[in-house]
Amino acid sequence: MPRARRWTDEQLVAAVAASRTLSEVCRRLGLRPGKYDVLRRHIQRLGLDASHIPRSAVGSPRTRTGWTEDDLASAVPRATPSRRSAAAWATRRTAGSIG
């Protein structure tokens, strides 16, 4: 069974109106930032206008990518392997399985 909310609908309305991010909404409600999916559902339930808050719509991606597929494709060949996989990477490279 979910825990009871520690904030009211009126407090959420005020927090959404005064905030620029979901993290700020959490702080205004006295919550640690996180669980944004729960906030999004409450924002939708109340029909609040949160268009000024990035990624506030239900189903919004949790992270924003600042790169394109082409950026990633060009970066991968230049990437340095982590220390953990360096031995395996070097083995595959000397075996000719990596360009």
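S.K.: Mind laying out the pattern of salt bridges, listing which residues take part and the relevant values?
M.R.: Under the criterion given, the structure shown has four salt bridges. Across the pair Arg28 and Glu24 runs a salt bridge, and its minimum N-O distance is 2.8 Å. In this pair, Arg28 and Glu24 both sit in helix H2 (residues 22–28), four residues apart, roughly one turn of the helix. For Arg28, a relative accessible area of 46% puts it in the partly exposed group. Accessibility expressed as a relative area gives 19% for Glu24, which makes it buried. Here the salt bridges share partners, and the residues they tie into one network are Arg5, Asp9 and Arg45.

S.K.: Requested: an account of the packing of aromatic side chains, with residues and values cited.
M.R.: In this structure the tally under the stated criterion is zero aromatic pairs. Here Arg5 stacks its cationic end above the ring of Trp7, 4.7 Å away from the centre of that ring.

Rules behind the numbers
Residues numbered from 1 in each chain as written. Predicted model: local features only at pLDDT ≥ 70, side-chain atom pairs only at ≥ 80, totals over all residues. Heavy atoms only, no water. Salt bridge = Lys/Arg side-chain N within 4 Å of Asp/Glu carboxyl O. Helix = DSSP H or I, 4+ residues; strand = E, 2+ residues; numbered from the N terminus. Buried < 20%, exposed > 50% of the residue type's maximum accessible area, 1.4 Å probe, protein only. Phe/Tyr/Trp six-rings, centres within 6.5 Å; stacked < 30°, edge-to-face > 60°. Lys NZ or Arg CZ within 6 Å of the ring centre and 35° of its normal.

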